[in-house]
Amino acid sequence: MALVALHNLSKSFQRDSQRITVFDGLDLEFAEGSFTALMGPSGSGKSTLLNLVAGLDRPTSGTVTVAGAEVSAMGPGSLAQWRSRHVGFVFQSYNLLPVLTAYQNIELPLLLTRLSKAERHDHVMAALGVVGLTDRAEHFPRQLSGGQEQRAAIARAVVSDPTIILLDEPTGQLDAKSAAEILALLQRLNGEFHKTIIMVTHDPHAAQAAGTVLHLDKGVLTA
Amino acid sequence: MKFLPLVWANLTRHKRRTVLTTLSVALALFLFASLRSVVTTLRAGADVGSESRMIVQSAKAIVFFLPRSYKERLAAVPGVAAVTWADWFGGVYQDPKNFFASFAADAESYLELYKTDLELPADQKATFLRERTACVVGKRLMDKFGWRLGQDITLKGTIFQGDWTFTIRGVYRAVDPSFSEDALVFHYEVIYERYPQWVNPGWYVLRLKEPSLAPRVAAAVDSMFKNSADPTKTGTERAFNANFMTMWGNVSFLMNSIGMAVVFAILLVAANSMMLSARERTNEVGVLKTVGFTDRLLFGLVMVEASTIALGGAVLGLGAAKALYRPTGFSAMGFLPGFDVTNGTLAMGLGLAVLLALASGLVPAAGAARLSAVQALRHVE
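Each chain has its residues counted from 1, following the order in which its sequence is written. Here the convention is simple: chains get letters from A, ligands get numbers from 1, in the order in which they are written. Only residues with pLDDT of 70 or above have their local features reported here, since the model is predicted, and side-chain atom pairs are shown and tallied only from 80 upward, although totals for entire chains, interfaces and linings are computed over all residues.

Colleague: Please set out the pairing of strand E6 (residues 134–138) of chain B residue by residue, giving values where relevant.
Modeller: Residue and element names in this part refer to chain B. Buried means a residue has 20 or more other C-beta atoms within 10 Å of its own C-beta, exposed means 12 or fewer, and partly exposed covers the counts in between; C-beta atoms are placed from the backbone. For helices the rule is a DSSP run of H or I covering at least 4 residues; for strands it is a run of E covering at least 2, with both sets numbered from the N terminus onward. For E6, the tally of buried residues reaches five of five residues, placing the bulk of the element in the interior. Of the two faces of E6, both are covered, the one formed by Ala134, Val136 and Gly138 as well as the one formed by Cys135 and Val137. Should DSSP find at least two bridges between two strands, the strands are taken to pair. For E6 and strand E8 (residues 162–174), the ladder comprises five bridges, and the chain directions are parallel. Residue pairing for E8: Gly138 is matched across the bridge by Tyr172. Of the pairings in the sheet, the one linking E6 to strand E9 (residues 183–187) comprises three bridges and is antiparallel in character. Residue Val136 lies in a different strand from E9, and its bridge partner there is Val185.

What follows is the structure in structure tokens.
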């Protein structure tokens, strides 16, 4: 059964006097527990698709449904709350808050829940354990390597046990060794913890880690 | 409470900037409290004085003398219980900057008339009245110059030229804090011996048998001298003080207008700094929105930051003003006795801090709330 369903999805932007159409009637589904890599050239709509699934952006028309909830119909307030419970998002440039420690960065999504401080602590330590950063909990982002920062970002994405993990070029700024570690971690999250993962990447080697690879070109699936 | 570490982390992101911004707000509100306190103290000064005492001054202007012969005639006016007089001496101690209020007075009647406002030990009073070159000094003035009882001090006359040496025989305390403790009073006879033609009352003070007699006494006194060479103008001491304070009217206006302009200039700089700080974090707003922070929550967090700086500055600035002036007995060389930051001024200062928090926090807070996560993330990338 599809966890994520995009139906008749259209998305266009107005840039100055030009109207740019990214998607025009796209239909796409992602199965629960799948690990999908989205590939394609720049401007093909990969990141836009990720933003639409995460509810960060709204479709011009069509629907986005995640775990039975129509994301595209939600208001801003309920969308933010839905996102905090169902979406873990990982950026290419990590985007950890520089003024917070790894622990505090990972704790951020949990601040939006009703968990007690002790419960939040347990969750954060568990997430740090999964990504292998237990000994870096009190380090600030500037004190971590790129690979460690991305692992902390992944821990932040999974700490609230979201329905789906979305990654936008997660290995784009990493060296080969760190990238391999991240990909192995993602495979573990998918295989061991049955997380549904959608990963945008330019890197064919990174795409190989996913069970399914989709190619987008000018908003159209090509393979 | 659980978001406090996030707020604190953002506040301490640029420690120096946060400290300087807070200090700017503190300085602005310290200035505000100080300047406004000048105005409120001047206004309070108008309320000092007894309704049962009247001041008789020259109808021409306060700088003109009245004849000493008026004393007996005033004492004979129905309703008048006692009369005294004094004149402004205007001496300085050692250096022109050591300027304070000093009066040549008809000593015995002066102390008698002000006995309810001044506390002077009986033995000191007796000694003072016995010695022609003696003086009594306010406690705060004694402390300021480190003088001691029995010490000889020499004042340089600015109106009555020459050096004038007095022996301190009494130290008075003001019963009402609004009554100046920064003054020196001596026997007018000291000047009379050197300048007999110059020493005359600058003003008379009358004690009434009853405050309700004031209008009748004023009318009687002024009509008595109406056709003389030295006509009088009589009013209650409170009215006299209020009239005196109106001469500060322009000063009050300047204090209010220039002071407020300076305060707002500093507050604008502080507000700009706070807005800059928020603008720098647009990308992080996008990250927090992606994590699930609602627009309302982000709005609140930015407002809490702005409020912390503004109110922190207010506590520092207003607290410093409150702590500095009253305990140190600041009185602007005796011209602003009882100088203090009133609760009203503190409330206005806090109001300004709240306005600053709103002015500096609303724009970035609304911006953070309004911006979409995608736009915010694109801001840096």
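Colleague: Quick rundown of the interface of chain A and chain B? Include the residues and the values.
Modeller: Note on contacts: residues are paired as contacts if their backbone-placed C-beta atoms lie within 7 Å. Each partner contributes to the interface: chain A provides 21 residues, whereas chain B provides 18 residues. Elements represented by at least two residues in the side of chain A that touches chain B include exactly helix H1 (46–54) and helix H2 (76–86) of chain A. When the residues that make up the side of chain A that touches chain B are grouped by side-chain class, the tally is twelve nonpolar, seven polar and two charged. Following the grouping adopted for this structure description, the nonpolar residues are Ala, Val, Leu, Ile, Met, Phe, Trp, Tyr, Cys and Pro, the charged ones are Asp, Glu, Lys and Arg, and the polar ones are all others, Gly among them.

Colleague: Account for the environment of Pro364 of chain B, with residues named and values stated.
Modeller: All names here are of chain B. Inspection of the secondary structure puts Pro364 in helix H13 (residues 343–370). The buried category is assigned to Pro364, around which 24 C-beta atoms lie within 10 Å. The sequence separation of Pro364 and Thr282 amounts to 82 residues, and the corresponding C-alpha distance is 9.3 Å. For Pro364, the contacting residues outside a window of four places in its chain are Met275, Ala278, Arg279 and Val302.

Colleague: Explain the sheet that holds strand E3 (residues 35–39) of chain A to me, using residue names and the numbers behind them.
Modeller: Strand pairs in the sheet, formed through backbone hydrogen bonds, run parallel or antiparallel to each other. Residue and element names in this part refer to chain A. Pairing is mixed across the open sheet formed by six strands, whose spatial order is E6-E7-E8-E3-E9-E10. The open sheet has two edge strands with one neighbour each: strand E6 (87–90) and strand E10 (220–221). Both strand E7 (residues 164–168) and strand E8 (residues 196–200) contribute to a ladder of five bridges, which runs parallel. Along E8, the bridge assignment pairs Leu166 with Ile198.

Colleague: Any details on unusual backbone geometry? Residues and values, ideally.
Modeller: Residue and element names in this part refer to chain A. Within the chain, Asn95 stands out as a residue other than glycine whose phi angle is a positive 55 degrees. Along the chain, Asn95 falls in the loop between E6 and helix H3 (102–107). You will see that Asp161, though not glycine, has its phi angle at about 50 degrees, which is positive. Within the element layout of this structure, Asp161 appears in the loop between helix H5 (146–158) and E7.

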